[in-house]
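Survey of secondary and tertiary structure
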Amino acid sequence: MRTAAEEFEIAVHPEAAPELMQPEAAAWTGHRTFHVERKVPEDATAQVCSFYLVPEDQKPLPPFLPGQFLTFQFDVPSQTGGTQPVIRCYSLSDAPHPNHYRISVKRAPAPVGSQFPPGLSSNYLHDHVNVGSQLQLRAPTGHFHIDQSDAPVVLVGGGIGITPMLSMLSWCLTAQPGRELWLFYGVRNSAELVMQAQLQALAAQHANFHLHLCLSNPQAGEAGVHQPGPEQRHRSRVDVALLRRLLPLKPYHFYICGPTPMLRSLVPALEDWGVPEGRIHFEAFGPASIPRKNPATVRQAALQGDDKQGAVLVTFAKSGQQATWEPGMGALLDFAESHGIAVSSGCRAGACGSCQTSIRTGEVAYAQAPDFDPEPGSCLLCVCTPKSAVTLEA
């Protein structure tokens, strides 16, 4: 058995044992108990906290691919007394370490002028989870992660979408210190910047790391473009005009994470600029449909249900119901719930596997591969639609 130090050496230097950078081969199955070793505020207003998570069994942690996430099962206090199970996914925000994981979570308040409640899991973490608290975790997973080539990289993080970018950045600067790195970090103003001092320190230490902070709605007195120091600040959103002005012409790989509106504008604009589809990698907050120009992607998206696909009969075997699905009705989870059929769910974005359901007969289609790999003969209802008449174990 390898020591913790040996596991860490492999995690940050994958060339030492490249087969172990496929974390599924080394990770655990089901849930594993961790406790919070540290809880650290990461921004000026303490709206983002990092949680350092240590396994109770004290066994070394398998390496993960920078950009991946953890799936949590929380027992959140219920308004009717007792607790309710809640499943959520949070990106890892640091490079692999042999003895702890780190996530950084933004508190989600209730939307202004809305009847919607505040974010259930984020507020639970901020208000009820402290040093020593125990949490149930599934192993790291996810298809959104940085490649291990020496190609130059552009990381784009919008808001709390910075978290997987921090993992990629930290790993690259440790394992590939000579790789060219650009980070464009978009927030409304400097009060929302996460780990600002740490990012500035890294930019000062590494000449190949170029840090750009983009403030879309800066407060009075905040510095503008070309602020002296290890980073540059811009009074703008992260957009292609800014990227074209600052980036030399090189074969960059772009990794983008942020709110859906940012991705819907930035991804097609990068393609219009001429960036090949295979060099644009992105992850949105929750379910998102991002238009792509590649014909193969368009054909794949068509499987999800365009106007050329007709009505499809869906049978829910356990519930004893049949209903006709038509294009535009969305994913099968929404379709089931609209007919009063209760299905367990969590992330509703194909990441946690909570809505995995067996397929008795028929086929389903995905607009893009889910992060959670469903078992053979089953599907994730939250991100698939019927490709043919289908009978589901629900």
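Scroll up to find the structure.
Residues numbered from 1 in each chain as written. Predicted model: local features only at pLDDT ≥ 70, side-chain atom pairs only at ≥ 80, totals over all residues. Heavy atoms only, no water.

Here the focus is the pairing of strand β11 (residues 253–258). Consecutive residues of a regular strand have side chains that alternate between opposite faces of the sheet. Counting buried positions over the 6 residues of β11 gives 6, a clear majority of the element. Side chains His253, Tyr255 and Cys257 project from β11 onto one buried face, and the interleaved Phe254, Ile256 and Gly258 project onto a second face that is buried too. Sheet topology places strand β7 (residues 153–158) next to β11; 5 bridges connect them, and they run parallel. Note that in β11 the partner of Leu155 across the bridge is Tyr255. When β11 meets strand β12 (residues 280–284), the two strands line up parallel, connected through 5 bridges. Across the sheet, Tyr255 pairs through a bridge with His281, a residue of β12. A crossover links β11 with its parallel partner β12, the connecting element being helix α6 (residues 260–273), and its sense is right-handed. (Buried < 20%, exposed > 50% of the residue type's maximum accessible area, 1.4 Å probe, protein only. Helix = DSSP H or I, 4+ residues; strand = E, 2+ residues; numbered from the N terminus. Pairing = 2+ DSSP bridges. Right-handed = clockwise from strand over helix to strand, strands pointing away.)

Now for the pairing of strand β14 (residues 321–325). The pairing of strand β13 (residues 312–316) with β14 spans 5 bridges and is classified as antiparallel. Its bridge partner lying in β14, Phe316 is registered against Gln321.

Now for the sheet that holds strand β2 (residues 48–55). Taken in spatial order, the 6 strands make up an open sheet running β4-β3-β6-β1-β2-β5, and their pairing is antiparallel. At either end of the open sheet lies a strand with only one pairing partner, and these are β4 (83–91) and β5 (101–106). Averaged over all neighbouring strand pairs, the angle between strand axes comes to 40°, with direction disregarded. Across 6 bridges, the pairing between β2 and β5 is antiparallel. Of the residues in β5, the one forming a bridge with Cys49 is Val105. (Axes fitted to C-alpha atoms, helices over the stretch in contact; angles between N-to-C directions.)

Taken as a whole, this structure holds 12 aromatic pairs when the rule is applied. Their ring planes at 65° and their centres at 6.2 Å tell us that Tyr252 and Phe254 sit as a pair that is edge-to-face. Through successive ring pairs, a cluster of aromatic residues spans Trp28, Phe34, Phe64 and Tyr101. Sitting above the plane of the Tyr52 ring, Arg38 keeps its charged end 3.8 Å from the centroid. (Phe/Tyr/Trp six-rings, centres within 6.5 Å; stacked < 30°, edge-to-face > 60°. Lys NZ or Arg CZ within 6 Å of the ring centre and 35° of its normal.)

A word on the sheet that holds strand β19 (residues 390–392). Strand order in the open sheet formed by 5 strands is β14-β13-β19-β15-β17, with mixed pairing between adjacent strands. Among the strands making up the open sheet, the edge pair consists of β14 and β17 (378–380). On average, each strand axis in the sheet is tilted by 35° relative to the strand beside it, whichever way the strands run.

As a further point, take helix α3 (residues 162–175). Its 14 residues give α3 an end-to-end C-alpha distance of 20 Å, which sits within 8% of 20 Å, the value for a rise of 1.5 Å per residue. With 13 of its 14 residues buried, α3 lies for the most part within the structure. (Expected span 1.5 Å × (residues − 1).)

With that out of the way, let us pick up the environment of Gln68. Considering the arrangement of structural elements, one finds Gln68 in the loop between β2 and β3 (69–77). One polar contact links the side chain of Gln68 to the main-chain amide nitrogen of Leu65, over a distance of 2.9 Å. (Polar contact = N/O pair within 3.5 Å; in protein donor to acceptor, adjacent residues only side chain to side chain.)

What follows covers the nonpolar core. Among the nonpolar cores identified, the biggest contains 30 residues, and Leu155, Met165, Leu169, Leu183, Tyr185, Phe209 and Tyr255 are the most heavily contacted of them. Counting only elements with at least two residues in this core, the list comes to β7, α3, β8 (181–187), α4 (196–205), β9 (209–215) and β11. A total of 9 residues in this core trace back to one element, the largest contributor, which is α3. Excluding anything up to four places from it in sequence, Tyr255 contacts Phe144, His145, Ile146, Asp147, Val153, Val154, Leu155, Val156, Met165, Met168 and His281. Core analysis: the next-biggest nonpolar cluster, separate from the first, contains 25 residues, Phe335, Val364, Cys379 and Leu392 among them. (Core = buried A, V, L, I, M, F, W, Y, C linked by side-chain atoms within 4.5 Å. Contact = heavy atoms within 4.5 Å.)

For the rest of this paragraph, the subject is the pattern of salt bridges. Where charged atoms from two side chains of opposite charge come close, those side chains can pair. Applying the stated criterion across every chain yields a total of 9 salt bridges. Between Asp147 and Arg179 there is a salt bridge, with the nearest N and O atoms lying 2.9 Å from each other. One end of the pair, Asp147, is in the loop between β6 (134–141) and β7; the other, Arg179, is in the loop between α3 and β8, with 32 residues separating them in the sequence. Under the relative-accessibility criterion, Arg179 is labelled buried at 3%. Ionic pairing is found between Asp334 and Arg348, a salt bridge with its closest N-O pair at 2.8 Å. (Salt bridge = Lys/Arg side-chain N within 4 Å of Asp/Glu carboxyl O.)

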